[in-house]
Amino acid sequence: MAAARIDGVALADGLKAWLAEEVRAIGAAGARAGLGTVLVGEDYAASAYERRLRRLAEAVGCRYAAEHLPADAEQADALAAVGKLNADPRISGILVLRPLPPQVSELAMYAILDPLKDVEAVHPANAGLLSLGRPRFVPSTPGSCFYLLDSYLEASGRDPGAFYQGRTAVFVGRSNNVGKPAMLLALARNLTAISCDEHTFAAGRLAEYTAQGDVLVVAAGVAGLISGDMVREGAIVIDVGINPVKDPGSGRVRLVGDVDAQSVAPKAEALSPVPGGVGPVTDAWLVHNTVLAARMAAGLDAPASPLPPRKPRLRP
Ligand code: NAD
């Protein structure tokens, strides 16, 4: 079996076209979408993410504001940067970029966010709503994983809701931003969910669990962690990892996932590539949440669900 490729770029293109329409529509009704980011330090991946988000937000007509602090910034200054965006009526959604330097508490940054602008659902109130299965915002990376899964299942003629019930999803990585909320989205879909982390690996039991996954979502940040022998025959595999590796021949840096595609592809039913899988949809999802927040802030009709449409309305 050669795994089908779950193309995140094509899905993101559809979302972007829909987002541009949505920004226009809420603008006509008097609402303005604006995304604000807070970056402390110069982390390479976080800076690249910030640049991508600015390009995307501006391309769909959404305002963008960046708060950038030096790596040795005091916690009080980092909190003040969030406070500034909280108070700015032109900003509807705020993202605190990770990693933060050790002197800045991630939880303190999350707790000070205006919950109505917390588009990554990290404020305790929004994280609580998510764990109750009633999310105000569905965080972007876990949301993107299920967008890829749902879209793939629909494209291959299956009803995602019916498919998930009684099947097993295995998550490798349990961060508060990716693995843990992805588990919550799985539970909301009546999947049987198994969560593994570095301790599972250290105990030598990772493969025992990954081999049980009808769906396998890998977000560990370890290049090539998952090989074909660890994957169930016919599994649908979502690779979230983004790892820069240096090509020994050319010396050039390229991005690879946590899944060893070469050995996994012959065994899996479908696999999301890196790059070009989860990443592009994650970016579009964050901007979608920002537009949703603007809609809510302006008191416009709430959409039926906090999710973007899976079959985006493209312009004729
Ligand atoms: P993190 O460092 O916060 O968490 C990593 C998790 O993986 C932890 O729970 C850790 O225990 C677990 N882990 C580490 N080594 C492991 C091992 N050998 N076996 C099993 N579990 C292990 O990272 P994160 O923010 O959750 O991101 C994870 C990866 O996903 C990174 O590569 C990151 O760049 C990528 N990422 C991609 C997107 C995207 O849109 N594509 C978004 C966010 C993060």
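What you see is a predicted model; the values in this text were computed from it and never measured.

Comments concerning the packing of helix H1 (residues 8-28) against helix H12 (residues 278-297)
Alright, step 1. Interhelical geometry of H1 versus H12 gives an angle of 15° and a closest axis separation of 9 Å. Judged by the inter-axis angle, H1 sits roughly parallel to H12. Considering the relative orientation of H1 and H12, their crossing is left-handed. Seen from H1, the contacting residues are Gly8, Val9, Leu11, Ala12, Leu15, Trp18, Leu19, Glu22, Val23 and Ile26; seen from H12, they are Pro280, Val281, Ala284, Val287, His288, Val291, Ala294 and Arg295.
Alright, step 2. Taken together, the residues of the contact of H1 with H12 break down into 14 nonpolar, 2 polar and 2 charged.

Quick notes on unusual backbone geometry
Alright, step 1. Cis geometry marks the peptide bond from arginine 98 to proline 99; its omega dihedral reads 0°.
Alright, step 2. On the secondary structure map, proline 99 appears in the loop between strand S4 (93-96) and helix H4 (106-112).
Alright, step 3. Although it is not a glycine, alanine 121 sits at a positive phi angle of roughly 55°.
Alright, step 4. Here alanine 121 lies in the loop between H4 and helix H5 (124-131).
Alright, step 5. With phi around 65°, asparagine 190 is a residue other than glycine that occupies positive phi space.
Alright, step 6. When you line up the elements, asparagine 190 lands in the loop between helix H8 (179-188) and strand S6 (192-196).

Digging into the domain arrangement of the protein
One frequent convention defines the size of an interface as the accessible area lost when the parts assemble.
Alright, step 1. Along its sequence, the protein is carved into domain 1 (22-132 + 280-302) and domain 2 (140-271).
Alright, step 2. One C-alpha centre belongs to domain 1, the other to domain 2; they are set 26 Å apart.
Alright, step 3. Contact with domain 1, which involves 12 residues of that partner, is made by 10 residues of domain 2.
Alright, step 4. Contact between domain 1 and domain 2 buries roughly 980 Å² in total, counting both sides, with carbon and sulfur atoms accounting for 64%.
Alright, step 5. Where domain 1 meets domain 2, there are 0 salt bridges.
Alright, step 6. One can count 4 residue pairs in polar contact (both at pLDDT 80 or more) joining domain 1 with domain 2.
Alright, step 7. Elements with a contribution of two residues or more to the side of domain 1 that touches domain 2: H4, H5 and H12.
Alright, step 8. For the side of domain 1 that touches domain 2, a count of residues per class yields 7 nonpolar, 2 polar and 3 charged.

How each quantity is defined
Residues numbered from 1 in each chain as written. Predicted model: local features only at pLDDT ≥ 70, side-chain atom pairs only at ≥ 80, totals over all residues. Heavy atoms only, no water. Axes fitted to C-alpha atoms, helices over the stretch in contact; angles between N-to-C directions. Helix = DSSP H or I, 4+ residues; strand = E, 2+ residues; numbered from the N terminus. Parallel < 35°, antiparallel > 145°, perpendicular 65-115°, else oblique. Left-handed = near helix turned anticlockwise from the far one by under 90°. Contact = heavy atoms within 4.5 Å. Nonpolar A, V, L, I, M, F, W, Y, C, P; charged D, E, K, R; others polar. Domains from an automatic or database assignment. Buried area = accessible area lost by both parts, 1.4 Å probe. Salt bridge = Lys/Arg side-chain N within 4 Å of Asp/Glu carboxyl O. Polar contact = N/O pair within 3.5 Å; in protein donor to acceptor, adjacent residues only side chain to side chain.

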